[in-house]
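Here are the chains, one letter per residue:
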Amino acid sequence: MKRGTLLRVALGTVLLALVLRPAWFAWVFAPFAPEGGPIIYERASLLSLSLSHLGLVALASTAATLVAVTLAILVTRPAGAAFLPLSRTITNMGQTFPPVAVLALAVPSLGFGSGPTLVALFLYGLLPIFENAITGLSTLPPATMEAARGIGLSRRQRLVRVELPLALPVILTGIRLSVVIALGTATIGSTVAARTLGEVIIAGLLTNNTAYVLQGGLIVGLFAVLIYDAMVQVEAFLFRRLGGQPSETSE
Amino acid sequence: MIEIEQITKLYDGLPAVDSVSMTVDTATITVIVGTSGSGKTTLLRMINRLVEPSSGEVRINGTPTGTLAKHVLRRRIGYAIQGHGLFPHYTVARNIAAVPELLGWPKEKINARVDELLDLFSMEPEQFRDRYPAELSGGQQQRVGVARALASRPDLLLMDEPFGALDPIIRARAQEDLRRIQQALGSTIMLVTHDMEEAMHLGDRVAVMDEGRLVQHGTPAEIVLRPATDFVAEMVGGVERPLRLLSLIPVSEIVEEGSAEGDALAADTSLRDALSTCLWSGRDAVPVVQDGVPMGRVTLDAIRAQAKGQR
Ligand SMILES: Nc1ncnc2c1ncn2[C@@H]1O[C@H](COP(=O)(O)OP(=O)(O)OP(=O)(O)O)[C@@H](O)[C@H]1O
Ligand SMILES: [Mg+2]
């Protein structure tokens, strides 16, 4: 536990420094830069790229969460059960479509910039959240559900007070997967001129500058690791709250 | 008063509950017994309409249950199920407060009620109020489940094997608690069990179900003395019948003038326990006291006469 916290603080500090004071790391990346070429990416501020990257991911994941959870709620109601297979097929299709193809298809209608990237991230985010929300909402403890009906909660009250809170840890796992996928996928967005950290990586690839590639990759990777970890902590907390086995042994 | 009239539930054309009628008086405990699959749970769940009857009607104090919205009906009926069904994400206090909250009770009244119920079930409010169900023992969870069902002082309390998961000692304690609370509050209770011992012990009335039909409905003594069918006779346990009968009668009923040696029994001891005391201590008679005042004695012969039954 103690060591985990230390590691978190260390990684967070490195990430902040990488984004805010990239010049401090010139000596690290120097060996990878081409002879006499630039070492640190300076065409745009890494901070603004990071913020734009995270903003795109947050926006797309929020939209995907809202849509996927709403859809999952609808198809787990008795009236919506008939649509379950159809909705599964649709979200699965969203996932099998390669991201680059989504970008390519979206550019003609949405133009270059963040639009196509948002669409791609949104489509990719749907499936894990949808699948997990369905699992969470359809594997609730039967005795608790029986009691919820038995004490006179209306359908709506059951959903809001019992079903969603109990399914929350599982839904959060889906959101976590989806966010991590989106953090990585967003880099591709730079091919259609979205402002993301992918810009640094692509610039590196175009100019044969491995230092850029490493820099961009490292920042995206650290964001993914730290965000993933934070969400695991939240899930674990909720899971313990909901009567899961407290994992005292790991303390 | 609960009136159940000709109530039937068909599953795939087969009756799970077959035209059952019975009347349950206010402030009594009716225990429904029967083998597994005899329709006890289905009968109980038709009363709060968790299961819709195929035909027939239930009236609570004259109001047919079909005329109320389901959630309104259910908020008036306490419901405790096997496996407690507590909300794992609510504290003990919030679990117990669930129905009063739905009914819009003021906060102070709810808090007072929660503490009162925890006290009734011998769970220190300070200690248990803010715990989560996962932090309770199985027996404590079950008691909180029953407390939740009692919280809004419902007209009627339905309990489906509420003590199923408890060990014999805790189970006996929980039964005593329930009896005491029922008498204090004057609640009407319908309780399902497949334990005849529990039925005899708790029930003012016992209803025996067999293959969806109500085969006998009467006082525990009637059930033991005059079983309506071979099935009921088997349920009350062939060779144990005299003992069951004795367990229903307190010594005060057959106490006689005279004295006897040795430790005395309290007047409300059952004849079964009195018999056991006689056999164990090798005495033919045991003194009886009421509130510490000698009442007389009870003899082995008198007990034997009671156990003979009527034929
Ligand atoms: N939803 C359902 N669909 C079809 N059949 C059902 C359903 N619920 C109950 N049954 C059937 O109705 C009959 C009575 O079931 P019920 O649950 O009332 O029995 P029970 O007396 O409570 O048994 P136990 O002591 O095992 O709990 C059983 O044969 C059962 O299979
Ligand atoms: Mg049952």
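Residues numbered from 1 in each chain as written. Chains lettered and ligands numbered in written order. Predicted model: local features only at pLDDT ≥ 70, side-chain atom pairs only at ≥ 80, totals over all residues. Heavy atoms only, no water.

## Observations concerning the overall build of chain A
When helices and strands are counted, chain A shows ten helices and zero strands. Starting at the N terminus and walking to the C terminus, you meet the elements of chain A as α-α-α-α-α-α-α-α-α-α. In terms of overall dimensions, chain A has a C-alpha envelope of 75 × 50 × 25 Å along the principal axes. Of all 251 residues assigned to chain A, the portion counted as buried reaches 43%. The contacts of chain A with a sequence gap of at least 6 include a subset with a gap of at least 24, amounting to 75%. For chain A, the accessible surface area stands at approximately 12,800 Å², while carbon and sulfur atoms represent 71% of it. Looking at charge distribution, chain A has the averaged site of its 16 positive side-chain charges lying 9 Å from that of its 10 negative ones. (Helix = DSSP H or I, 4+ residues; strand = E, 2+ residues; numbered from the N terminus. Buried < 20%, exposed > 50% of the residue type's maximum accessible area, 1.4 Å probe, protein only. Contact = heavy atoms within 4.5 Å. Areas by Shrake-Rupley, 256 points an atom, 1.4 Å probe, with all protein chains shown as cover. Lys, Arg positive; Asp, Glu negative; His and termini not counted. Charge placed at Lys NZ, Arg CZ, Asp CG, Glu CD.)

## Observations concerning the interface of chain A and chain B
If you look at the interface, chain A gives 19 residues, while chain B gives 23 residues. Roughly 1,900 Å² is buried in total at the junction of chain A and chain B, and carbon and sulfur atoms are behind 60% of that figure. If you look at where chain A meets chain B, you find one salt bridge. Residue Arg45 of chain B is joined to Glu146 of chain A by a salt bridge in which the shortest nitrogen-to-oxygen separation is 2.4 Å. (Buried area = accessible area lost by both parts, 1.4 Å probe. Salt bridge = Lys/Arg side-chain N within 4 Å of Asp/Glu carboxyl O.)

## Section: the sheet that holds strand β7 (residues 156-160) of chain B
Residues and elements named next belong to chain B. Spatially, β6-β7-β8-β3-β9-β10 is the arrangement adopted by the six strands of the open sheet, whose pairing is mixed. Since the sheet does not close on itself, it has two edges, and those belong to β6 (77-81) and β10 (213-218), each with one partner. Averaged over all adjacent pairs, the angle separating strand axes in this sheet is 15°, with direction ignored. This element, helix α1 (residues 40-47), spans β3 (29-34), β6, β7, β8 (188-192) and β9 (205-210) of the sheet and lies at about 150° to β7. (Pairing = 2+ DSSP bridges. Axes fitted to C-alpha atoms, helices over the stretch in contact; angles between N-to-C directions.)

## Re the site of ligand 1
Residue and element names in this part refer to chain B. By nearness alone, every residue bordering ligand 1 is listed as Tyr11, Ala16, Thr35, Ser36, Gly37, Ser38, Gly39, Lys40, Thr41, Thr42, Glu161 and His194. In this structure, Ser38 approaches ligand 1 through a main-chain N or O atom, which is 3.2 Å from an oxygen atom. About the coverage of ligand 1: the protein hides 57% of its 640 Å² of free accessible area. Examining the composition of the shell around ligand 1, we find that three residues originate from one element, α1, more than from any other. Across the shell around ligand 1, the residue classes tally to two nonpolar, eight polar and two charged. (Near = heavy atom within 4 Å. Polar contact = N/O pair within 3.5 Å; in protein donor to acceptor, adjacent residues only side chain to side chain. Nonpolar A, V, L, I, M, F, W, Y, C, P; charged D, E, K, R; others polar.)

## Examining the confidence of the model for chain A
The pLDDT averaged across chain A works out to 84; a share of 96% of its residues lies at or above 70. Here residues 245-251 of chain A is a poorly scored stretch, pLDDT under 50, and it has three contacts once near neighbours within four places are set aside; other chains count. (pLDDT = per-residue confidence, 0-100.)

## Some points on the side chain of Glu161 of chain B
Residues and elements named next belong to chain B. With respect to the helices and strands, the residue Glu161 is situated in the loop between β7 and α7 (168-185). No salt bridge is formed by the buried Glu161, whose closest oppositely charged neighbour, Lys40, lies at an N-O distance of 5.0 Å. Among all residues touching Glu161, those that are not within four sequence positions of it are Gln82, Gln142, Val192, Thr193 and His194.

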